[in-house]
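Here's the letter readout for the chains.
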Amino acid sequence: MTAPLRPGEAIMVQVALGARAYDIAIGRELLGSLGVRIKALRPGAKTAIITDATVAKLHLAATEAALKSAAIDSASIVVPPGEGSKSYATFETVCEAIIAARIERGDLIVALGGGVIGDLAGFAAASARRGLDFVQVPTTLLAQVDSSVGGKTGINSRHGKNLIGAFHQPILVVADTALLDTLPKREFRAGYAEVAKCGLLGDAAFFSWLEANWQDIFSGGPAREHAIAVCCRAKAAIVARDERETGERALLNLGHTFGHALEAGCGFSDRLLHGEAVALGMALAFEFSARKKLTAKSEAERALSHLAAVGLPTHLKDILGGVPGVDALMDLIAQDKKVKRGKLTFILVRGVGQAFIENNVDSAEVRAFLTDKLAER
Ligand SMILES: NC(=O)c1ccc[n+]([C@@H]2O[C@H](COP(=O)([O-])OP(=O)(O)OC[C@H]3O[C@@H](n4cnc5c(N)ncnc54)[C@H](O)[C@@H]3O)[C@@H](O)[C@H]2O)c1
Ligand SMILES: [Zn+2]
């Protein structure tokens with residue numbers, strides 16, 4: 001880890017996508033520099049800030065002030081908080097509000113919020129006026145390490161998560177780690193699942209570092225910026241090689257096939273947050289890999305014990321209330337987009353830091369595994 005940053009100082013990570021390349025600025029108290037950074041990229045652009053009501057109360061005024069200080073005009077569009085806003089109805093509201101605010105080609109959308117806002121605002125930016133540029137100002141840990149980077153945007157369909165959307169890269173990401181100080185502990189912890197994912201899927205040394213330093217990340221020490229930068233660098237490298245997920249990018253879905261099924265099975269409610277579902281899904285992916293003798297049991301135990309140590313769910317019994325039965329879970333898995341000709345695609349592991357894409361998973365084997373797991377509840 002490098003020396004701690006001073007307030008306002010940034011670690012810069014580049015997403016190398018040719019004409020669509022952009023920077024991610026990571027650091028404490030960076031929000032004040034948002035206007036200056038935008039002005040340098042798009043002099044003269046107006047902005048529409050899209051945010052949710054919770055974030056608006058906490059951080060909208062400071063965001064507006066940061067833009068104003070660089071003489072940038074902004075309109076604000078506030079939607080209800082929560083996964084429910086990744087809907088056709090809210091998408092329509094946001095697009096109409098963008099047009100009503102006279103945001104033209106050459107102007108900018110600013111997504112101020114967590115992954116829900118990033119996905120929704122990014123998709124609205126991709127669609128309104130056939131495509132507007134946008135800036136991500138992620139305010140959750142999950143958004144700072146994962147959803148604000150890489151250009152996946154979208155909303156949910158009644159058939160499943162993220163099924164309507166577009167690839168649309170931001171032109172800038174400003175991740176102010178001080179904004180995470182207002183995040184409820186449970187939300188922070190859920191976002192940490194995607195931090196752990198970064199280690200579990202491809203970086204065993206980072207995972208060891210997390211085992212030793214996770215408390216400092218939670219308490220807002222310098223480990224926080226370092227962890228976010230490591231995750232962004234890793235994701236940026238994968239996205240630069242495989243922007244549209246024709247191959248390697250699928251590794252980032254570690255834990256997500258099981259996770260999305262559980263999330264949908266809980267009705268996208270706050271019984272199971274996205275990151276919690278991912279933690280559970282990664283635990284299942286490790287256990288399933290161990291059962292298939294692709295990895296040692298001890299590797300699965302190591303992954304589960306770290307997730308459990310930070311307080312994330314690792315067993316189906318950790319979900320309060322009912323969980324769908326095996327038929328419903330298998331239906332939800334089959335509806336997930338990672339299915340090709342009846343065979344299931346899963347991200348499996350050969351050990352901590354060694355995930356791989358398996359396109360040929362037999363659904364009967366998954367069914368037997370989940371039946372056993374459900375019986376443990
Ligand atoms: N596009 C991608 O690549 C990608 C990757 C991972 C996840 N996602 C998506 O991200 C979403 C989950 O994101 P999330 O966990 O950030 O959820 P979220 O956006 O719903 O934020 C979680 C909660 O925290 C509140 N909040 C946000 N910032 C806050 C702050 N600084 N202080 C206090 N409260 C704050 C929000 O109002 C919300 O209630 C899911 O829809 C998931 O599908 C997308
Ligand atoms: Zn995720």
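Cut-off values and rules
- Residues numbered from 1 in each chain as written.
- Chains lettered and ligands numbered in written order.
- Predicted model: local features only at pLDDT ≥ 70, side-chain atom pairs only at ≥ 80, totals over all residues.
- Heavy atoms only, no water.
- Pairing = 2+ DSSP bridges.
- Helix = DSSP H or I, 4+ residues; strand = E, 2+ residues; numbered from the N terminus.
- Axes fitted to C-alpha atoms, helices over the stretch in contact; angles between N-to-C directions.
- Contact = heavy atoms within 4.5 Å.
- Core = buried A, V, L, I, M, F, W, Y, C linked by side-chain atoms within 4.5 Å.
- Buried < 20%, exposed > 50% of the residue type's maximum accessible area, 1.4 Å probe, protein only.
- Donors = N, O, S within 2.8 Å, 3.2 Å for Na, K, Ca; no water.
- Salt bridge = Lys/Arg side-chain N within 4 Å of Asp/Glu carboxyl O.
- Phe/Tyr/Trp six-rings, centres within 6.5 Å; stacked < 30°, edge-to-face > 60°.
- Right-handed = clockwise from strand over helix to strand, strands pointing away.
- Expected span 1.5 Å × (residues − 1).

Here 7 strands make up an open sheet; going across it, the order is β1-β2-β9-β6-β5-β3-β4 and the pairing mixed. In the strand order of this sheet, the two ends are held by β1 (11-15) and β4 (74-79), each with one partner. Geometrically, the sheet is characterised by an average inter-axis angle of 20° between neighbouring strands, direction not taken into account. Bridge count for strand β5 (residues 108-113) against strand β6 (residues 133-138) is 6 bridges, and the pairing is parallel. Pairing of Val110 across the sheet is with Val135, part of β6. Taken strand by strand, helix α2 (residues 53-68) contacts β3 (47-52), β4 and β5, and its axis lies near 155° from that of β3.

Of all hydrophobic cores here, the largest spans 60 residues; its most connected members are Ile26, Tyr192, Val195 and Phe206. Take this core: its biggest share by element is 10 residues, from helix α8 (residues 222-241).

Protein coordination of the zinc ion (ligand 2) is provided by Glu194 (OE), His256 (NE2) and His274 (NE2), with donor distances spanning 2.0 to 2.1 Å. One chain supplies every donor to the zinc ion (ligand 2), and in sequence these donors are spaced E-x61-H-x17-H. Of this pair, Glu194 sits in helix α6 (residues 185-202) while His256 sits in helix α9 (residues 256-265), and the two are 62 residues apart along the sequence. With a relative accessible area of 4%, Glu194 lands in the buried category.

Turning to the pattern of salt bridges, a few remarks are in order. For the structure on display, the rule yields 22 salt bridges. Here Arg20 makes a salt bridge to Glu243, at a shortest N to O gap of 2.4 Å. One end of the pair, Arg20, is in the loop between β1 and β2 (22-27); the other, Glu243, is in the loop between α8 and α9, with 223 residues separating them in the sequence. According to the relative accessible area criterion, Glu243 is buried, its value standing at 15%. Between Lys235 and Asp146 there is a salt bridge whose closest N-O contact spans 2.6 Å. On the criterion of sequence distance, the pair formed by Lys235 in helix α8 and Asp146 in helix α5 (residues 141-147) is long-range, its members being 89 residues apart. For Lys235, a relative accessible area of 7% gives the class buried.

Bringing the environment of Leu200 into the picture now. Note that Leu200 resides in helix α6. When its relative accessible area of 0% is taken as the criterion, Leu200 is described as buried. Each C-alpha atom, one on Leu200 and one on Ala56, is 34 Å from the other, the two residues being 144 residues apart in sequence. In contact with Leu200, not counting residues within four places along its chain, are Phe207, Leu254, Met282, Phe286, Ala303, Gly351, Val352, Gly353, Gln354 and Ala355.

In this section: α9. For α9, the buried fraction is high: 8 of the 10 residues fall into the buried class. If you check which residues of α9 are buried, you get His256, Thr257, Phe258, Gly259, His260, Ala261, Leu262 and Glu263. Among the residues trailing α9, Gly267 stands out with phi positive, at a value near 70°.

This next bit is on the packing of aromatic side chains. Think of a pair of aromatic rings as described by two things: how far the centres are apart, and how the planes are tilted against each other in angle. Under the definition given, this model contains 10 aromatic pairs. Seen from their ring centres, Phe258 and Phe288 are 6.4 Å apart, and the 80° between their planes marks the pair as edge-to-face. Taken together, the residues span a long stretch of sequence, with Phe258 in helix α9 and Phe288 in helix α10 (residues 274-291) at a distance of 30 residues. On the basis of relative accessible area, Phe258 is assigned to the buried category, the value being 3%. When its relative accessible area of 1% is taken as the criterion, Phe288 is described as buried. Considering the side-chain rings of Phe288 and Phe346, the 6.2 Å spacing of their centres and the 45° angle between planes classify their relative orientation as tilted. Here Phe346 lies in strand β11 (residues 343-349) and Phe288 lies in helix α10, a separation of 58 residues in the sequence.

As a further point, take the pairing of β3. Within β3, 6 of the 6 residues are buried, leaving the element largely enclosed by the surrounding structure. Burial along β3 is two-sided: Thr47, Ile49 and Thr51 and Ala48, Ile50 and Asp52, pointing in opposite directions, are all buried. Alignment of β3 against β4, held across 6 bridges, turns out to be parallel. By the bridge assignment for β4, Thr51 is matched with Val78. You can see the chain leave β3, run along α2 and come back into β4, and the turn it takes is right-handed. By the bridge criterion, 5 bridges tie β3 to β5 in an arrangement that is parallel. Paired with Thr47 across the two strands is Leu108, which belongs to β5.

Before going further, it helps to spend a moment on helix α3 (residues 88-100). Across its 13 residues, α3 extends 18 Å between first and last C-alpha, which sits within 8% of the 18 Å expected from 1.5 Å per residue. Considering only its buried residues, α3 is in contact with β3, β4, β5, α4 (115-127) and β7 (152-157). Looking one or two places after α3, you find Arg102, whose phi comes out positive at around 60°.

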